[in-house]
Amino acid sequence: MSSSQPFDAAIIGGGVIGCATALNLACGGMRVALFESDGLCRAASGRNAGTLTMLYTRASLIPYAIRGREMWRDAAEWLSRDAGFHHRHGMELAFSEEVTEELAVQHRLRSEAGAPIEMIGGNRAREIEPALSGDIVGAAYSEVDGYAKSYGIGILFHAALKEAGVTVHDGTPVLGVEPGPGGHVVRWAVGQASARLVVMTSNVWIGKMAAWFGVNFPITIRVNQGTISERIRPLFNSILRVPNELSLKQFEDGTVLMGGGRGEHWVEDADKGDAQQDISIVKSKMAGAAECARRVIPALREGRVVRTWTGYEGFTPDNQPLIGPMPGVEGVFVAACIRSGFTIGPFAGRLLADQFLGREPEMPIFSPAFDPARVVGMEPYDREASAQIA
Ligand SMILES: Cc1cc2nc3c(=O)[nH]c(=O)nc-3n(C[C@H](O)[C@H](O)[C@H](O)COP(=O)(O)OP(=O)(O)OC[C@H]3O[C@@H](n4cnc5c(N)ncnc54)[C@H](O)[C@@H]3O)c2cc1C
């Protein structure tokens, strides 16, 4: 199964970043092929908590997250579909004065980057969310927060990409990219296609793809986790977060999603799947998430956990994304390891497409801070420093 007509662009990796890039390029007039090993948005992009928050986005990415959140809100305009966006307030909670002060320092950086975050006391937090525990001393509060429904996003993208004329090769792991007529040849098990431009949007798999070109990206893979409860009576409306522990939201159907959980969980090889995960950590994070949720909202004792799942996030040595040219390889680009990548995804895709279409992007996307070449030769991300993940 080979395509004789060269494509203008081949996108490798059908998560939210790859789908949004492919869609915007096709809408800009390019002939685009999108390659995805599995189904669209079934890795991190379909397993994440869907939170569109400024409260745990890295300060350097806040301007991108603000615009990404707006794009999820306005998904009907660019995706021609409702992505299940809900506006909510957000609060990051502290159970001590010491943590309140730490939050104030961290959030000052985010505020300076444009996030509308203010510090409030425990009583004000309980006025906003009466079900909150009396033990909460202070909180960082943002009026601008919310979520979109990540678990159904691949189906929406699939339909929109087809409508835009993108050739979608799902269930198609790419095995290599080599120089060829018209630019590059993208090769998979039963076929190949030519493309002038190749964009690798493969997140935790980017290290493997860089190796095709003899480039070494030191990528560290963290297992993140989501846990969901049965339906419970409406208890709270805001998106809540306990620093370095979990995020908490209650959907309209009453289920409560707990994102994260105490403790770190890392794996070596994204291709080895769930089998390499430490099941004892998965269990303890699930139990810890439920316990922490009840500490935040005591009435959650009424509910039971029904399911937990995991997904992978890629960390670069400096925890900044890789966005820009593949070092030393003309016509091949990278957009991977973007923290808060679900929030930022639609906007990153638009900026990347503008860059490749020769239009002025609304914000710089090929910034020196994101340049993939900077990480070559660096030591991998320091796992002990994971408290700085936010
Ligand atoms: C549990 C969890 C909770 C999270 N919560 C949030 C949140 O609340 N808010 C938020 O903003 N972010 C959140 N994130 C982060 C967010 O999900 C990611 O940053 C984002 O989805 C990354 O998108 P992506 O397109 O870069 O990567 P991915 O979604 O990982 O997509 C990469 C794709 O590349 C494909 N691929 C790999 N190799 C090949 C190959 N050889 N050929 C073809 N395809 C290939 C993979 O199959 C995969 O589908 C969370 C992540 C996890 C795991």
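Not measured: the values here are computed from a predicted model.

**Student:** Can you help me understand the pairing of strand S10 (residues 220–229) in this one?
**Tutor:** Each regular strand carries side chains that alternate between the two faces of the sheet. With nine of ten residues buried, S10 lies mostly within the body of the structure. The sheet contact formed by S10 and strand S15 (residues 305–315) spans ten bridges and is antiparallel. Its bridge partner lying in S15, Gly226 is registered against Trp309. Judged from the two bridges that link them, S10 and strand S14 (residues 266–267) form a sheet pairing that is antiparallel. Looking at S14, one finds that Arg222 is bridged to Trp266. As paired strands, S10 and strand S13 (residues 256–260) are joined by three bridges and run antiparallel to one another. Of the residues in S13, the one forming a bridge with Ile228 is Leu257.

**Student:** Before we go on, may I ask you to explain the environment of Leu197 in this structure?
**Tutor:** With respect to the element layout, Leu197 can be found in strand S9 (residues 191–200). Taking the C-alpha atoms as reference, Leu197 lies 41 Å from Phe251; in sequence the two are 54 residues apart. Once you skip the residues sitting within four places of it in the chain, Leu197 turns out to touch Asp8, Ala9, Ala10, Met30, Gly331, Phe333 and Phe356.

**Student:** It is not clear to me how the pattern of salt bridges should be interpreted in this structure. Could you clarify?
**Tutor:** Pairing between side chains of opposite charge can happen when the charged atoms of each approach one another. In total, this model carries 21 salt bridges according to the counting rule given. The partner of Glu245 in a salt bridge is Arg295, and the shortest N-O contact between them spans 3.3 Å. One end of the pair, Glu245, is in the loop between strand S11 (239–242) and strand S12 (246–250); the other, Arg295, is in helix H9 (residues 279–296), with 50 residues separating them in the sequence.

**Student:** Can you help me understand the site of the ligand in this one?
**Tutor:** By nearness alone, 35 residues border the ligand, and Glu36, Ser45, Thr51, Val174 and Thr343 come closest of all. In the environment of the ligand, an oxygen atom lies 2.6 Å from a nitrogen or oxygen atom belonging to the side chain of Glu36. In the model, an oxygen atom of the ligand is placed 2.5 Å from a nitrogen or oxygen of the Ser45 side chain. For the ligand, whose accessible area on its own is 1000 Å², the fraction buried by protein is 94%. Of all the elements in the fold, those that place two or more residues in the shell around the ligand are helix H1 (16–27), helix H2 (44–47), S10, S15 and helix H10 (341–356). Its residues assigned to classes, the shell around the ligand comprises 14 nonpolar, 18 polar and three charged. Split by domain, the residues of the shell around the ligand number at least three in each of domain 1 (3–46 + 152–218 + 318–389) and domain 2 (86–147 + 220–315).

**Student:** Just checking my understanding: could you explain the packing of aromatic side chains for this structure?
**Tutor:** When we look at a pair of aromatic rings, we describe it by the centre distance and by the angle of the planes. Counted under the stated rule, the structure contains 13 aromatic pairs. Look at Phe315 and Tyr381: their rings are 4.9 Å apart centre to centre, the planes differ by 40 degrees, and that puts the pair in the tilted class. In this pair, Phe315 is assigned in strand S15 and Tyr381 in the segment after H10, connecting sequence segments 66 residues apart. On the accessibility criterion, Phe315 (0% relative accessible area) is buried. Three or more aromatic residues link up through ring pairs in this structure, and these residues are Trp72, Trp78, Phe157 and Phe342. Note that Arg31 overlies the ring of Phe7, its terminal NZ or CZ placed 4.4 Å from the centroid.

**Student:** Could you clarify how one ought to interpret the domain arrangement of the chain in this entry?
**Tutor:** A common measure of how large an interface is: the accessible area buried when the components associate. By domain assignment, the chain separates into domain 1 (3–46 + 152–218 + 318–389) and domain 2 (86–147 + 220–315). A separation of 29 Å is found between the C-alpha centroids of domain 1 and domain 2. Taken together, the contact pairs 15 residues of domain 1 with 14 residues of domain 2. Roughly 1400 Å² of surface becomes buried between domain 1 and domain 2 when both sides are summed, with 53% attributable to carbon and sulfur atoms. Contact with domain 2 buries surface across domain 1, with Val204, Arg339 and Arg383 losing the most and accounting together for 39% of the total. Among the ionic pairs, Lys208 bridges to Asp271, the shortest N-O distance being 2.8 Å. Where domain 1 meets domain 2, there are five residue pairs in polar contact (both at pLDDT 80 or more). Among the residues making up the side of domain 1 that touches domain 2, the classes are represented as nine nonpolar, three polar and three charged.

**Student:** Just checking my understanding: could you explain the state of the cysteines for this structure?
**Tutor:** A covalent bond between the sulfur atoms of two cysteines is what we call a disulfide. For the structure shown, the criterion picks out zero disulfides. There is no disulfide at Cys337, and the cysteine sulfur nearest it, in Cys41, is 16 Å away.

**Student:** Help me understand H9, please; the structure alone is not making it clear to me.
**Tutor:** Since the α-helix turns once every 3.6 residues, residues separated by three or four places project in the same direction. Spanning 18 residues, H9 covers 26 Å between terminal C-alpha atoms, matching the ideal 26 Å at 1.5 Å per step. Of the positions making up H9, those classed as buried are Val282, Lys285, Gly288, Ala289, Ala290, Cys292, Ala293 and Val296. Contacts from the buried residues of H9 go to strand S3 (86–94), S10, S11, S12, S13 and S15.

**Student:** Would you take a moment to explain the nonpolar core for this structure?
**Tutor:** Nonpolar side chains in soluble globular proteins tend to end up buried together. One finds Tyr64, Trp72, Phe157 and Leu161 to be the most contacted residues of the largest nonpolar core, which totals 57 residues. Here this core spans two domains, since at least three of its residues come from each of domain 1 (3–46 + 152–218 + 318–389) and domain 2 (86–147 + 220–315). When sequence neighbours within four positions are dropped, the list of residues in contact with Phe157 reads Val16, Cys19, Ala20, Leu23, Leu40, Cys41, Trp72, Trp78 and Leu79. The next biggest cluster of nonpolar side chains, apart from the first, holds 27 residues, and it includes Ile206, Ile219, Leu322 and Met326.

**Student:** Looking at this structure, how should I read H1?
**Tutor:** Along its twelve residues, H1 runs 16 Å from first to last C-alpha, staying within 8% of the 16 Å computed at 1.5 Å per residue. Of all twelve residues that make up H1, eleven are buried, and the element is covered over most of its length. If you check which residues of H1 are buried, you get Val16, Ile17, Gly18, Cys19, Ala20, Thr21, Ala22, Leu23, Asn24, Leu25 and Ala26. Once H1 finishes, Gly29 follows within two positions and takes phi at roughly 105 degrees, a positive value.

Reading the values: the criteria
Residues numbered from 1 in each chain as written. Predicted model: local features only at pLDDT ≥ 70, side-chain atom pairs only at ≥ 80, totals over all residues. Heavy atoms only, no water. Buried < 20%, exposed > 50% of the residue type's maximum accessible area, 1.4 Å probe, protein only. Helix = DSSP H or I, 4+ residues; strand = E, 2+ residues; numbered from the N terminus. Pairing = 2+ DSSP bridges. Contact = heavy atoms within 4.5 Å. Salt bridge = Lys/Arg side-chain N within 4 Å of Asp/Glu carboxyl O. Near = heavy atom within 4 Å. Polar contact = N/O pair within 3.5 Å; in protein donor to acceptor, adjacent residues only side chain to side chain. Areas by Shrake-Rupley, 256 points an atom, 1.4 Å probe, with all protein chains shown as cover. Nonpolar A, V, L, I, M, F, W, Y, C, P; charged D, E, K, R; others polar. Domains from an automatic or database assignment. Phe/Tyr/Trp six-rings, centres within 6.5 Å; stacked < 30°, edge-to-face > 60°. Lys NZ or Arg CZ within 6 Å of the ring centre and 35° of its normal. Buried area = accessible area lost by both parts, 1.4 Å probe. Disulfide = S-S within 2.5 Å. Expected span 1.5 Å × (residues − 1). Core = buried A, V, L, I, M, F, W, Y, C linked by side-chain atoms within 4.5 Å.

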